[in-house]
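Chain and residue survey
Listed below are the residues making up each chain.
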Amino acid sequence: MSSERPSSLDAHFDRLAQIADDMATTAEASARLHEQMAGTLPSAAEHAARDRLFAAAERRAAEAYRAHRLPPEDVRQAVRAARPGPEEMRQLADQRIVGGEEQWDSREKSLRDREQKLRDRESFLDRREAFRSDRRAERDHAAETRDHAAETRDHAAETRDHAADARDTRADARDRAADQREIDFETEQPRPE
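Conventions used here
Residues numbered from 1 in each chain as written. Predicted model: local features only at pLDDT ≥ 70, side-chain atom pairs only at ≥ 80, totals over all residues. Heavy atoms only, no water. Helix = DSSP H or I, 4+ residues; strand = E, 2+ residues; numbered from the N terminus. Expected span 1.5 Å × (residues − 1). Buried < 20%, exposed > 50% of the residue type's maximum accessible area, 1.4 Å probe, protein only. Arc of directions from axis to C-beta. Salt bridge = Lys/Arg side-chain N within 4 Å of Asp/Glu carboxyl O.

1. Thoughts on helix H2 (residues 44-66)
An α-helical segment advances 3.6 residues per turn. Residues three or four places apart therefore align on the same side. With 23 residues, H2 extends 32 Å from end C-alpha to end C-alpha; this agrees with the ideal 33 Å at 1.5 Å per step. Within two residues after H2, His 68 carries a phi angle of roughly 60°, on the positive side.

Right, here's the structure in full:
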(Lines give C-alpha, C1' and ligand atoms only; values in the text may rest on other atoms or scores of the structure.)
Protein backbone atom coordinates (compact mmCIF):
# COMPACT_ATOMS: atom_id res chain seq x y z
CA MET A 1 0.00 0.00 0.00
CA SER A 2 2.88 2.38 0.74
CA SER A 3 4.08 1.97 -2.85
CA GLU A 4 0.68 3.22 -4.12
CA ARG A 5 0.69 6.45 -2.12
CA PRO A 6 3.67 8.10 -3.90
CA SER A 7 2.22 7.27 -7.33
CA SER A 8 -1.16 8.66 -6.26
CA LEU A 9 0.52 11.82 -4.98
CA ASP A 10 2.54 12.06 -8.20
CA ALA A 11 -0.67 11.81 -10.21
CA HIS A 12 -2.24 14.62 -8.14
CA PHE A 13 0.75 16.88 -8.73
CA ASP A 14 0.81 16.04 -12.46
CA ARG A 15 -2.91 16.81 -12.73
CA LEU A 16 -2.46 20.13 -10.91
CA ALA A 17 0.43 21.00 -13.25
CA GLN A 18 -1.74 20.23 -16.30
CA ILE A 19 -4.63 22.32 -14.92
CA ALA A 20 -2.27 25.23 -14.20
CA ASP A 21 -0.87 25.00 -17.76
CA ASP A 22 -4.44 25.01 -19.14
CA MET A 23 -5.32 28.02 -17.00
CA ALA A 24 -2.24 29.86 -18.27
CA THR A 25 -3.20 29.09 -21.89
CA THR A 26 -6.76 30.29 -21.28
CA ALA A 27 -5.52 33.48 -19.61
CA GLU A 28 -3.17 34.20 -22.54
CA ALA A 29 -6.04 33.73 -24.99
CA SER A 30 -8.19 36.04 -22.87
CA ALA A 31 -5.42 38.65 -22.83
CA ARG A 32 -5.17 38.56 -26.64
CA LEU A 33 -8.95 38.91 -26.92
CA HIS A 34 -9.01 41.90 -24.58
CA GLU A 35 -6.16 43.57 -26.47
CA GLN A 36 -8.19 43.26 -29.67
CA MET A 37 -11.22 44.81 -27.94
CA ALA A 38 -9.28 47.70 -26.39
CA GLY A 39 -10.85 50.17 -28.83
CA THR A 40 -14.44 49.29 -27.91
CA LEU A 41 -14.26 48.06 -24.32
CA PRO A 42 -13.15 50.66 -21.72
CA SER A 43 -11.32 48.30 -19.34
CA ALA A 44 -9.99 45.84 -21.94
CA ALA A 45 -6.32 46.90 -21.67
CA GLU A 46 -6.42 46.52 -17.88
CA HIS A 47 -8.01 43.07 -18.27
CA ALA A 48 -5.33 42.04 -20.75
CA ALA A 49 -2.52 43.10 -18.41
CA ARG A 50 -4.08 41.26 -15.47
CA ASP A 51 -4.66 38.15 -17.60
CA ARG A 52 -0.98 38.13 -18.58
CA LEU A 53 0.05 38.39 -14.91
CA PHE A 54 -2.32 35.54 -14.09
CA ALA A 55 -0.92 33.43 -16.95
CA ALA A 56 2.64 34.00 -15.70
CA ALA A 57 1.66 33.04 -12.14
CA GLU A 58 -0.09 29.88 -13.37
CA ARG A 59 3.01 28.89 -15.40
CA ARG A 60 5.13 29.27 -12.24
CA ALA A 61 2.57 27.21 -10.32
CA ALA A 62 2.74 24.50 -13.01
CA GLU A 63 6.55 24.39 -12.70
CA ALA A 64 6.25 23.93 -8.93
CA TYR A 65 3.68 21.14 -9.33
CA ARG A 66 5.85 19.36 -11.89
CA ALA A 67 8.65 19.44 -9.27
CA HIS A 68 6.10 17.92 -6.82
CA ARG A 69 6.09 21.05 -4.66
CA LEU A 70 3.36 23.49 -3.72
CA PRO A 71 3.76 26.90 -5.37
CA PRO A 72 5.43 29.54 -3.19
CA GLU A 73 3.28 32.10 -1.38
CA ASP A 74 4.04 34.93 -3.84
CA VAL A 75 2.66 32.79 -6.71
CA ARG A 76 -0.49 31.99 -4.74
CA GLN A 77 -0.90 35.70 -3.93
CA ALA A 78 -0.49 36.60 -7.63
CA VAL A 79 -3.16 34.07 -8.61
CA ARG A 80 -5.56 35.45 -5.98
CA ALA A 81 -4.82 39.05 -6.99
CA ALA A 82 -5.71 38.28 -10.61
CA ARG A 83 -9.26 37.27 -9.72
CA PRO A 84 -11.90 39.86 -10.63
CA GLY A 85 -14.02 41.21 -7.78
CA PRO A 86 -17.84 41.17 -7.71
CA GLU A 87 -18.10 44.78 -8.92
CA GLU A 88 -15.88 44.05 -11.89
CA MET A 89 -17.97 40.99 -12.76
CA ARG A 90 -21.08 43.21 -12.76
CA GLN A 91 -19.31 45.75 -14.98
CA LEU A 92 -18.34 43.02 -17.42
CA ALA A 93 -21.96 41.91 -17.63
CA ASP A 94 -23.23 45.50 -18.09
CA GLN A 95 -20.75 46.71 -20.75
CA ARG A 96 -22.06 46.94 -24.30
CA ILE A 97 -20.48 47.57 -27.69
CA VAL A 98 -22.15 50.38 -29.62
CA GLY A 99 -23.01 49.24 -33.12
CA GLY A 100 -25.27 47.00 -35.15
CA GLU A 101 -27.34 44.11 -33.88
CA GLU A 102 -24.84 41.51 -35.09
CA GLN A 103 -22.02 43.22 -33.22
CA TRP A 104 -24.19 43.37 -30.08
CA ASP A 105 -25.02 39.64 -30.22
CA SER A 106 -21.36 38.77 -30.71
CA ARG A 107 -20.29 40.94 -27.79
CA GLU A 108 -23.02 39.61 -25.51
CA LYS A 109 -21.96 36.03 -26.29
CA SER A 110 -18.32 36.97 -25.67
CA LEU A 111 -19.22 38.47 -22.30
CA ARG A 112 -21.23 35.40 -21.32
CA ASP A 113 -18.35 33.15 -22.36
CA ARG A 114 -15.87 35.30 -20.46
CA GLU A 115 -18.07 35.35 -17.37
CA GLN A 116 -18.39 31.56 -17.51
CA LYS A 117 -14.62 31.20 -17.86
CA LEU A 118 -14.14 33.47 -14.88
CA ARG A 119 -16.61 31.41 -12.84
CA ASP A 120 -14.82 28.22 -13.92
CA ARG A 121 -11.48 29.71 -12.99
CA GLU A 122 -12.79 30.82 -9.57
CA SER A 123 -14.22 27.34 -9.00
CA PHE A 124 -10.92 25.75 -9.97
CA LEU A 125 -8.97 28.04 -7.63
CA ASP A 126 -11.33 27.18 -4.78
CA ARG A 127 -10.98 23.45 -5.49
CA ARG A 128 -7.20 23.75 -5.67
CA GLU A 129 -7.09 25.62 -2.36
CA ALA A 130 -9.35 22.97 -0.80
CA PHE A 131 -7.02 20.26 -2.14
CA ARG A 132 -4.03 22.01 -0.60
CA SER A 133 -5.87 22.38 2.71
CA ASP A 134 -6.81 18.68 2.65
CA ARG A 135 -3.19 17.69 1.95
CA ARG A 136 -1.99 19.90 4.84
CA ALA A 137 -4.62 18.35 7.14
CA GLU A 138 -3.56 14.84 6.07
CA ARG A 139 0.10 15.63 6.75
CA ASP A 140 -0.76 17.17 10.14
CA HIS A 141 -2.88 14.15 11.07
CA ALA A 142 -0.10 11.76 10.01
CA ALA A 143 2.42 13.73 12.11
CA GLU A 144 0.09 13.63 15.11
CA THR A 145 -0.39 9.88 14.65
CA ARG A 146 3.39 9.37 14.50
CA ASP A 147 3.86 11.54 17.62
CA HIS A 148 1.19 9.58 19.47
CA ALA A 149 2.80 6.26 18.44
CA ALA A 150 6.19 7.52 19.62
CA GLU A 151 4.69 8.58 22.97
CA THR A 152 3.05 5.17 23.31
CA ARG A 153 6.38 3.45 22.59
CA ASP A 154 8.14 5.72 25.12
CA HIS A 155 5.50 4.92 27.74
CA ALA A 156 5.82 1.18 27.05
CA ALA A 157 9.63 1.44 27.37
CA GLU A 158 9.27 3.28 30.69
CA THR A 159 6.86 0.60 31.94
CA ARG A 160 9.35 -2.11 30.95
CA ASP A 161 12.16 -0.18 32.70
CA HIS A 162 10.08 0.10 35.88
CA ALA A 163 9.28 -3.62 35.74
CA ALA A 164 12.98 -4.44 35.26
CA ASP A 165 13.90 -2.18 38.20
CA ALA A 166 11.29 -3.94 40.36
CA ARG A 167 12.69 -7.36 39.35
CA ASP A 168 16.23 -6.15 40.17
CA THR A 169 15.05 -4.90 43.60
CA ARG A 170 13.38 -8.26 44.34
CA ALA A 171 16.48 -10.15 43.20
CA ASP A 172 18.68 -7.96 45.43
CA ALA A 173 16.36 -8.64 48.38
CA ARG A 174 16.52 -12.41 47.72
CA ASP A 175 20.33 -12.23 47.49
CA ARG A 176 20.51 -10.37 50.81
CA ALA A 177 18.14 -12.88 52.43
CA ALA A 178 20.25 -15.79 51.13
CA ASP A 179 23.42 -14.13 52.40
CA GLN A 180 21.78 -13.61 55.80
CA ARG A 181 20.65 -17.25 55.96
CA GLU A 182 24.17 -18.37 55.15
CA ILE A 183 25.58 -16.10 57.87
CA ASP A 184 23.00 -17.38 60.34
CA PHE A 185 23.79 -20.97 59.42
CA GLU A 186 27.52 -20.40 59.88
CA THR A 187 26.92 -18.71 63.23
CA GLU A 188 24.70 -21.48 64.54
CA GLN A 189 27.16 -24.33 63.76
CA PRO A 190 29.12 -25.54 66.79
CA ARG A 191 32.76 -24.63 66.69
CA PRO A 192 35.28 -27.45 66.84
CA GLU A 193 37.14 -27.55 70.13
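2. Here we look at helix H3 (residues 73-81)
Taken together, the buried positions of H3 are occupied by Val 75, Arg 76 and Val 79. Seen along its axis, H3 keeps its buried residues to an arc of 100°; they face one direction.

3. As for the pattern of salt bridges
A full pass over the atoms with the stated rule returns 15 salt bridges. The residue Arg 114 makes a salt bridge to Asp 51 at a minimum N-O spacing of 3.1 Å. Placement of the pair is Arg 114 in helix H5 (residues 101-188) and Asp 51 in helix H2, with a sequence separation of 63 residues. Judged by relative accessible area, which is 8%, Arg 114 ranks as buried. Its salt-bridge partner being Glu 115, residue Arg 119 comes within 3.3 Å of it at the nearest N-O pair. With Arg 119 and Glu 115 both in helix H5, this residue pair falls 4 residues apart, about one helical turn. The exposure class of Arg 119 is partly exposed, given its relative accessible area of 42%. One network of salt bridges, in which partners are shared, links Glu 73, Arg 76, Arg 80, Glu 129, Arg 132 and Arg 136.

By themselves, these are just geometric observations and shouldn't be taken as functional.
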